[in-house]
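Reading the structure
Residue-level listing of the chains:
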Amino acid sequence: MKDMADSVLPPQPRDYAGFNWTGFATLYLKEVRRFWKVGMQTVAAPVVTTLLYMMVFVVAVRGASPPIHGTPFSAFVAPGLIMMAIINNAFANSSSSLLQAKMMGLTSDFLTPPLSALEQVLAFTLGAATRGVLVGTVTAVTIALLPFTQLHVAHPWAVIYFAVGASLLMGLVGIATGLWSEKFDHLSAITNFLIMPMTFLSGTFYLVDRLPEPFRTASHYNPFFYLIDGFRYGFIGEADGDLRVGVVLTAVLVAVLFGWSWRVFVTGWRL
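Report follows, based on the coordinates. Every value quoted in this text rests on a predicted model; they were computed, and no experiment measured them.

A word on the packing of helix H4 (residues 73–103) against helix H8 (residues 184–200). Contact pair H4 / H8: the axes reach a minimum separation of 11 Å and the direction vectors enclose 165 degrees. When the axes of H4 and H8 are compared, the pair comes out roughly antiparallel. Classified by chirality, the crossing of H8 by H4 is right-handed. Packed against H4, whose contacting residues are Met84, Ile87, Asn88, Phe91, Ser95, Ser96, Leu99, Gln100 and Met103, the element H8 presents Phe184, Leu187, Ile190, Thr191, Ile195, Met196, Thr199 and Phe200 at the interface.

Written out as structure tokens, the structure is:
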């Protein structure tokens, strides 16, 4: 019996030589099912809110001059509202998921399994991006069906690039916020005093060139301006800023935030 006991090895951690696709897919599906389970709140509600914005603003400026080269105001403002829905929902998904896990002591659910930092960051980011793109797609289809909206796609690549880029970017920002926050008040503060002002002051409803200084110059340092401007370019074919700056800036921010998030998961900061 003693020889048998001595021959038993202690438990060893499971070693995956490559990418743990099963674990990654499980965590990703958990993030998707988490928001899909309350779809009326996470998908339907943002669509209704965006439709209300459309009705209020389009009716309020009825008869006003077109903002850009004859583009109707409804066609100008619609892409901005769709991008606003993408930004808010991608951010909300990852930030609330991590904060809830921390507050309820459930971080071990994704820290204990044999998942690397890369797999965890990818799962949380893609889960948030899925929600952002889904809400944006449903919102765009719904707006296109409105009788007073003329929504046409001029450059599909720009629509796809900036929609996916914004979803990934805000999913990563949500990860940083969720890790930093210790209670929902912290999360609300970031949403109300940073995300919302940056969204509304980025040309969602107007041309930033019409703003007085120094707000006009400051708007061009707002990354949300380039997300909305590039996304709108995909629909109406006109850009308010430099499209090349928007393309590069989006890719750089996603890469930098992804690297930072990966490092945070490696060190276990606030997890």
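The next point concerns the pattern of salt bridges. Going through the model one piece at a time under the given rule, you end up with four salt bridges. Arg216 is the partner of Glu213 in a salt bridge, and the nearest nitrogen-oxygen pair spans 4.0 Å. Taking relative accessible area as the criterion, Glu213 reaches 45% and is therefore assigned partly exposed. Taking the relative accessible area as the measure of exposure, Arg216 reaches 32% and is therefore partly exposed.

The subject of this paragraph is a nonpolar patch on the surface. Taken together, the side chains of Met103, Met104, Leu106 and Phe184 define a hydrophobic patch exposed on the protein surface, amounting to about 390 Å² of accessible area. Summarising the element assignment, Met103 is placed in helix H4. For Met103, a relative accessible area of 45% gives the class partly exposed.

Before going further, it helps to spend a moment on the packing of aromatic side chains. Counted under the stated rule, the structure contains 15 aromatic pairs. Measuring from ring centre to ring centre gives 5.1 Å for Phe231 and Phe235, while their planes differ by 70 degrees; the resulting arrangement is edge-to-face. You can see Phe231 and its partner Phe235 sitting in helix H10 (residues 223–236), four residues apart, about one turn around the helix. Accessibility assignment for this pair places Phe231 and Phe235 in one class, buried. Plain terms: the ring middles of Trp260 and Trp269 are 6.2 Å apart, the flat faces sit at 75 degrees to each other, and that makes the pair edge-to-face. Judged by its relative accessible area of 37%, Trp260 falls in the partly exposed class.

What follows covers H8. With 17 residues, H8 extends 22 Å from end C-alpha to end C-alpha; this agrees with the ideal 24 Å at 1.5 Å per step. Where H8 bends most, the angle comes to about 30 degrees, and this point is Thr191. For H8, the complete set of buried residues consists of Leu187, Ile190, Ile195 and Thr199. The inward-facing, buried residues of H8 contact H4, helix H7 (156–180) and H10.

Parameters and conventions
- Within any chain, residue numbers begin from 1 and follow the written order of that chain's sequence.
- Local features are withheld for residues below a pLDDT of 70 in this predicted model, meaning they are given only at 70 or higher, and side-chain atom pairs are given and counted only at 80 or more; totals for whole chains, interfaces and linings count all residues.
- Each side-chain value is worked out from all heavy atoms of the structure, with water and hydrogens disregarded.
- For every element, the axis is a line fit to its C-alpha atoms; helices are fit only across the contacting stretch, and the angle between N-to-C directions ranges from 0 to 180 degrees.
- Labels follow the DSSP assignment, with helices taken as runs of H or I lasting at least four residues and strands as runs of E lasting at least two, numbered in each case from the N terminus.
- If an angle is under 35 degrees, it is roughly parallel; if it is over 145, roughly antiparallel; if it lies from 65 to 115, roughly perpendicular; otherwise it is oblique.
- Each helix crossing is assigned a hand: it is left-handed if the near helix lies turned anticlockwise from the far helix by less than a right angle, otherwise right-handed if that turn is clockwise.
- In what follows, residue pairs with any heavy atoms lying within 4.5 Å of each other are defined as contacts.
- In the sections that follow, a salt bridge refers to a side-chain nitrogen of Lys or Arg positioned within 4 Å of a carboxyl oxygen of Asp or Glu.
- A 1.4 Å probe rolled over the protein chains alone gives each residue an accessible area, and that area as a share of the maximum for its type sets the label: buried under 20%, exposed over 50%, partly exposed in between.
- By definition, no residue in a patch forms a salt bridge, and every one has over 30% relative accessible area; like charges are joined within 9 Å, nonpolar side chains (Val, Leu, Ile, Met, Phe, Trp, Tyr) within 5 Å.
- To be clear on the numbers: accessible area is Shrake-Rupley with a 1.4 Å probe, and residue cover counts the displayed protein chains and nothing else.
- The criterion for an aromatic pair is that two Phe, Tyr or Trp rings (for Trp, the six-membered ring) have centres within 6.5 Å, with stacked assigned to planes under 30 degrees apart, edge-to-face to planes over 60 apart and tilted to the rest.
- Each residue after the first adds 1.5 Å to the expected span of a helix.
- The quantity called bend is, for any residue, the angle between two axes fitted respectively to the seven residues ending at it and the seven beginning at it.

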